[in-house]
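Structural description and commentary
What follows is the residue order along each chain.
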Amino acid sequence: MGVGFVVGVLGCAILVHAAYSTIQYRGVLKIVEEEFSGPPMNVVAELLLGLALCMWAGLAVPTKFLSILPDSEENRIVSLPANLDFMIFNHRGKVLPTNTELKLKVQDF
């Protein structure tokens, strides 16, 4: 359990507390018969803090971004499935025109 995971859990807890505070605030407004115009500033501050912590944790918890380039040496694990009976090469794409010379008409405005 790294620091990023703990920060993420703390950020989620802060967001849940802000939601609970807003619900409780609306209940108090119903009792005093006032209209709800928005959450109080401390709840907005909690929301922003929780959002920042969750975003930081979302970027810190994944350890290493993997390459998706087809020429990368890290992508050499790709192989065909053991059962080739379920590989389908007939699909709806075969009805599309295969002429690559077709160009889209660009209209000037």
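Structure: see above.
These notes cover the structure that comes with them. None of these values were measured; they are calculated from a predicted model.

Analysis parameters
Residues numbered from 1 in each chain as written. Predicted model: local features only at pLDDT ≥ 70, side-chain atom pairs only at ≥ 80, totals over all residues. Heavy atoms only, no water. Axes fitted to C-alpha atoms, helices over the stretch in contact; angles between N-to-C directions. Helix = DSSP H or I, 4+ residues; strand = E, 2+ residues; numbered from the N terminus. Parallel < 35°, antiparallel > 145°, perpendicular 65-115°, else oblique. Left-handed = near helix turned anticlockwise from the far one by under 90°. Nonpolar A, V, L, I, M, F, W, Y, C, P; charged D, E, K, R; others polar. Buried < 20%, exposed > 50% of the residue type's maximum accessible area, 1.4 Å probe, protein only. Contact = heavy atoms within 4.5 Å. Phe/Tyr/Trp six-rings, centres within 6.5 Å; stacked < 30°, edge-to-face > 60°. Disulfide = S-S within 2.5 Å. Expected span 1.5 Å × (residues − 1). Arc of directions from axis to C-beta.

1. Thoughts on the packing of helix α1 (residues 3-31) against helix α2 (residues 41-60)
At a minimum axis distance of 8 Å, the contact between α1 and α2 shows a crossing angle of 155°. Taken as axis vectors, α1 and α2 run roughly antiparallel relative to one another. Here α1 runs over α2; the crossing is left-handed. When the residues that make up the contact of α1 with α2 are grouped by side-chain class, the tally is 16 nonpolar, seven polar and one charged.

2. Digging into unusual backbone geometry
Backbone geometry at E33 places phi at a positive 55°, although glycine is not the residue there. Considering the arrangement of structural elements, one finds E33 in the loop between α1 and α2. Taking relative accessible area as the criterion, E33 reaches 73% and is therefore assigned exposed.

3. Things to note about the environment of V61
Note on placement: V61 falls in the segment after α2. Residues V61 and V7, spaced 54 residues apart in sequence, show a C-alpha to C-alpha distance of 9.5 Å. Discounting chain neighbours no more than four positions away, the residues touching V61 are G4 and F5.

4. Brief notes about the packing of aromatic side chains
What characterises a pair of aromatic rings is the spacing of the ring centres plus the angle enclosed by the ring planes. This model, assessed by the stated rule, comprises one aromatic pair. On the numbers, 6.2 Å between centres and 65° between planes, the contact of Y25 with F36 is edge-to-face. Of the two residues, Y25 is situated in helix α1 and F36 in the loop between α1 and α2; the sequence distance between them amounts to 11 residues. Classification of Y25 by relative accessible area gives partly exposed; the value is 30%.

5. Thoughts on the state of the cysteines
Within the structure shown, the criterion is met by zero disulfides. C12 takes part in no disulfide bond, and the closest cysteine sulfur to it belongs to C54, at a distance of 3.9 Å.

6. Side note on α1
The end-to-end C-alpha distance of α1, which contains 29 residues, comes to 42 Å, matching closely the 42 Å that a straight helix rising 1.5 Å per residue would cover. Looking only at α1, the buried set comprises G4, V7, G8, G11, I14, A18, S21, T22 and L29. The inward-facing, buried residues of α1 contact α2. Count one or two residues on from α1 and you reach E33, which has phi positive near 55°.

7. Quick look at α2
Here α2 is 20 residues long and its end C-alpha atoms lie 28 Å apart, about the 28 Å a rise of 1.5 Å per residue gives. Taken residue by residue, α2 has V43, E46, G50 and A57 as its buried positions. Projection of α2 onto a plane perpendicular to its axis shows the buried side chains occupying an angular sector of 55°, all on one side. In this structure, α2 carries M41, L48, M55 and L59 as exposed residues pointing more than 90 degrees from its buried face. Packed against the buried residues of α2 are α1.

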